[in-house]
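# Examining the three-dimensional arrangement
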Amino acid sequence: MSPLIANHPILGLLVGLGTWTFAMEALLYIRRTRALSKYDISFDPAIVKKEKAEKLPAYVQWPADNFNNLLEQPTQFYAVLLGRSG
């Protein structure tokens, strides 16, 4: 274990959350790009999100929902980390 993480155990949580966020981003990219071509969906921003959700299967939507949650809620966690580091 890194001495920095050993002295500040909350940094391990930060690394874990960051790793999970990038993993979800990669999974989202892989599944979405394959599904858009497989189901013949245009990558046009003018197409309504609901229309894409109706055409894409749930296993393609799951990483997108997870990624959105990872970008919304953890901002509070990052603020706490910054507050503790000072």
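I will try to describe carefully the structure that is included in this document. (Residues numbered from 1 in each chain as written. Predicted model: local features only at pLDDT ≥ 70, side-chain atom pairs only at ≥ 80, totals over all residues. Heavy atoms only, no water.)

### What about the overall build of the chain?
- Counting its regular elements, the chain contains 5 helices and 0 strands.
- Scanning the chain from its N terminus toward the C terminus, one meets helices and strands in the order α-α-α-α-α.
- Within the chain, buried positions represent 22% of all 86 residues.
- Contacts in the chain between residues at least 24 apart in sequence constitute 67% of all its contacts with a sequence separation of at least 6.
- As presented, the chain carries roughly 6,500 Å² of accessible surface, and 63% of it is formed by carbon and sulfur atoms. (Helix = DSSP H or I, 4+ residues; strand = E, 2+ residues; numbered from the N terminus. Buried < 20%, exposed > 50% of the residue type's maximum accessible area, 1.4 Å probe, protein only. Contact = heavy atoms within 4.5 Å. Areas by Shrake-Rupley, 256 points an atom, 1.4 Å probe, with all protein chains shown as cover.)

### Side note on the layout of surface pockets
- Considered as a void within the structure, the largest pocket measures approximately 220 Å³ in volume.
- Forming the walls of the largest pocket are Leu28, Arg32, Leu36, Phe43, Lys49, Lys52, Ala53, Leu56, Gln61, Ala64, Asp65 and Asn68.
- Broken down by secondary-structure element, the contributors of at least two residues to the lining of the largest pocket are helix H2 (10-38), helix H3 (49-55) and helix H4 (58-72).
- The dominant element in the lining of the largest pocket, judged by the number of residues it contributes, is H4, at 4 residues.
- Of the residues in the lining of the largest pocket, the class split is 6 nonpolar, 2 polar and 4 charged. (1 Å grid on protein atoms, 1.4 Å probe; cavity = no way out; pocket = protein on both sides within 12 Å on 5 of 7 lines; lining within 4 Å. Points joined across faces, edges and corners; volume = space filled by probe spheres on them. Nonpolar A, V, L, I, M, F, W, Y, C, P; charged D, E, K, R; others polar.)

### What to know about the nonpolar core
- One finds Leu17, Met24, Leu28, Ala64, Phe67 and Leu70 forming the largest nonpolar core, which totals 6 residues.
- Residue assignment for this core shows that the elements contributing at least two residues are H2 and H4.
- Core analysis: the next-biggest nonpolar cluster, separate from the first, contains 5 residues, Ala35, Leu36, Ile41 and Val60 among them. (Core = buried A, V, L, I, M, F, W, Y, C linked by side-chain atoms within 4.5 Å.)

### Some words on H2
- For H2, which comprises 29 residues, the first-to-last C-alpha distance of 42 Å matches the rise-based estimate of 42 Å (1.5 Å per residue) to within 8%.
- Those residues of H2 that fall on the buried side of the exposure criterion are Leu17, Gly18, Thr21, Met24, Leu28, Ala35 and Leu36.
- Downstream of H2 by one or two residues, Asp40 has phi in the positive range, about 50 degrees. (Expected span 1.5 Å × (residues − 1).)

### Describing the packing of H2 against H4
- Here H2 crosses H4 at 145 degrees, and the two axes come no closer than 8 Å. In terms of crossing hand, the pair formed by H2 and H4 is left-handed. Where H2 approaches H4, its residues Leu17, Trp20, Thr21, Met24, Glu25, Leu27, Leu28, Arg31, Arg32 and Ala35 are matched on the opposing element by Tyr59, Val60, Gln61, Trp62, Pro63, Ala64, Asn66, Phe67, Leu70 and Leu71.
- Of the residues contributing to the contact of H2 with H4, the split by class is 14 nonpolar, 3 polar and 3 charged. (Axes fitted to C-alpha atoms, helices over the stretch in contact; angles between N-to-C directions. Left-handed = near helix turned anticlockwise from the far one by under 90°.)

### Re the side chain of Gln61
- You can see Gln61 is positioned in helix H4.
- With relative accessibility at 15%, the residue Gln61 sits in the buried group.
- Once residues within four sequence positions are removed from consideration, Gln61 is found in contact with Arg32, Lys52, Ala53 and Leu56.

Nothing here speaks to function; it is geometry throughout.
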